[in-house]
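Architecture and fold: a report
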Amino acid sequence: MTWEHFDGAPLLVGIMPKQHPEVIQTAATLAARLGAPLVCAYVDEASYLVEWDPARSAHRLSRHPDADDDMLELATELKAQVQATVDKLPGGSPPDWSFRTLTGDAARALGQLAAEVDAPMIIVGTSERGLSHRLSEALGGSVGAWLSHHQSRPVLVVPYRMPAHEDRP
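The numbers attached to residues start from 1 for each chain and follow its sequence in the written order. pLDDT decides what is reported in this predicted model: residues at 70 or higher carry local features, side-chain atom pairs at 80 or more are listed and counted, and totals for whole chains, interfaces and linings draw on all residues regardless. Only heavy atoms go into the side-chain values, all of them from the structure, while hydrogens and water stay out.

In the nomenclature of an unreviewed UniProt entry, the protein corresponds to Nucleotide-binding universal stress UspA family protein from the organism Pseudarthrobacter defluvii.

Right, dumping it as structure tokens:
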């Protein structure tokens, strides 16, 4: 695929605190190579997403929450992580990027944002290793799997690259 296919539409990447760095690195590298902007989205799953309630009319506002002190601190941390990754990209010009904070179910919120910004691709990471992450995925499902089955955009699932026999640094 060439950058002309994207018509300036951004690639969408789902990010989260303490996520393995390959996700942002892969998304930023791909965006730079395609000449596409990048939208980095964090989903606060602890908040209720009212646009899924058809009886409510505040659809757009619920997906883009007001910022409180904790969310501002987290957003600042995530933006710094993205900027540091973009700054380390080899050669060429780094992609333009923006940051969005969403609420509700991560897969549905990312799918809705992808439709809103007309993203040609959604990029997410695989689940972290460990019992708590497996339990969370068993109860809530995999974001990548849900996206690949319930919307029409391609989904790139970036694997955790550390071999299974090595401990995480």
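1. Considerations on the sheet that holds strand β2 (residues 38–44)
The strand order β3-β2-β1-β4-β5 describes an open sheet built from five strands, whose pairing is parallel. Either end of the sheet is taken by a strand with one partner, and the two such strands are β3 (97–103) and β5 (155–158). The mean angle between the axes of side-by-side strands here comes to 25 degrees, regardless of whether they run parallel or antiparallel. For two strands to be treated as a pair, DSSP must find no fewer than two bridges joining them. Put simply, DSSP H or I for four residues or longer makes a helix, DSSP E for two residues or longer makes a strand, and each gets a number counted from the N terminus. Bridging between strand β1 (residues 11–14) and strand β4 (residues 122–125) involves two bridges; their strand directions are parallel. The partner of valine 13 across the bridge, within β4, is isoleucine 123. Contacts were defined at the residue level, with two residues in contact if any of their heavy atoms lie within 4.5 Å. Angles shown run from 0 to 180 degrees and are taken between the N-to-C directions of axes, each axis being a line fitted to C-alpha atoms and, for helices, limited to the stretch in contact. Helix-sheet contacts for helix α1 (residues 22–34) involve β1, β2, β4 and β5, and the interaxial angle to β1 is about 175 degrees. Packing against the sheet, helix α3 (residues 69–87) makes contact with β2 and β3, and its axis sits at approximately 145 degrees to β3.

2. Here's the deal with a negative patch on the surface
In this scheme, patches are assembled from residues that exceed 30% relative accessible area and form no salt bridge. Like charges are connected within 9 Å, while nonpolar side chains (Val, Leu, Ile, Met, Phe, Trp, Tyr) are connected within 5 Å. Residue exposure ignores everything except the shown protein chains as possible cover, and the areas themselves are Shrake-Rupley values with a 1.4 Å probe. The term salt bridge refers to a pairing of a side-chain nitrogen on Lys or Arg with a carboxyl oxygen on Asp or Glu at a separation within 4 Å. Counting rule for charge: Lys and Arg are taken as positive, Asp and Glu as negative, and neither His nor the chain ends is counted. Taken as the charge centre is NZ of Lys, CZ of Arg, CG of Asp or CD of Glu, depending on the residue. There is a patch of like negative charges on the surface, built from Asp69, Asp70, Glu73 and Glu77. Tracing the sequence through the fold places aspartate 70 in helix α3. Overall, the relative accessible area of 61% leaves aspartate 70 in the exposed class. Note on exposure labels: buried denotes an accessible area under 20% of the residue type's maximum, exposed denotes more than 50%, and partly exposed covers the range between, all computed with a 1.4 Å probe on protein chains only.

3. A few points about the pattern of salt bridges
If you walk through the whole model with that rule in mind, you get three salt bridges. Residue glutamate 116 is joined to arginine 100 by a salt bridge in which the shortest nitrogen-to-oxygen separation is 2.7 Å. With glutamate 116 in helix α4 (residues 106–117) and arginine 100 in strand β3, this residue pair connects regions lying 16 residues apart in the sequence. On the basis of relative accessible area, glutamate 116 is assigned to the partly exposed category, the value being 32%. Of the charged contacts in the structure, one is a salt bridge between arginine 108 and aspartate 105, with a shortest N-O distance of 3.7 Å.

4. A few points about the packing of α1 against α3
For the pair α1 and α3, interaxial distance at closest approach is 9 Å and the crossing angle is 55 degrees. In terms of orientation, α1 lies oblique with respect to α3. The interaxial crossing formed by α1 with α3 has right-handed handedness. On the side of α1, the interface is formed by Ile24, Gln25 and Ala28, while α3 contributes Gln81, Val82, Thr85 and Val86. Charged means Asp, Glu, Lys or Arg here, nonpolar means Ala, Val, Leu, Ile, Met, Phe, Trp, Tyr, Cys or Pro, and polar covers whatever is left, Gly included. Looking at the contact of α1 with α3 residue by residue, the classes come out as four nonpolar, three polar and no charged. Roughly parallel means an angle under 35 degrees; roughly antiparallel means over 145; roughly perpendicular covers 65 to 115; every other angle is labelled oblique. Note: crossing handedness is left-handed where the near helix turns anticlockwise from the far helix by less than a right angle, and right-handed where it turns clockwise.

5. Quick notes on the pairing of β2
Along β2, seven of the seven residues are buried, which leaves the element largely enclosed by surrounding structure. Where burial is concerned, the two faces of β2 agree: the one with Leu38, Cys40, Tyr42 and Asp44 and the one with Val39, Ala41 and Val43 are both buried. Examined bridge by bridge, β1 and β2 share four bridges and lie parallel to one another. Its bridge partner being in β2, leucine 11 is matched across the sheet by leucine 38. Consider the strands pointing away from the viewer: the crossover is right-handed when the path from the first strand over the helix to the second runs clockwise. Handedness of the crossover joining β1 and β2 through α1: right-handed. Relative to β3, β2 is paired through seven bridges, and the arrangement is parallel. Residue pairing for β3: valine 43 is matched across the bridge by leucine 102.

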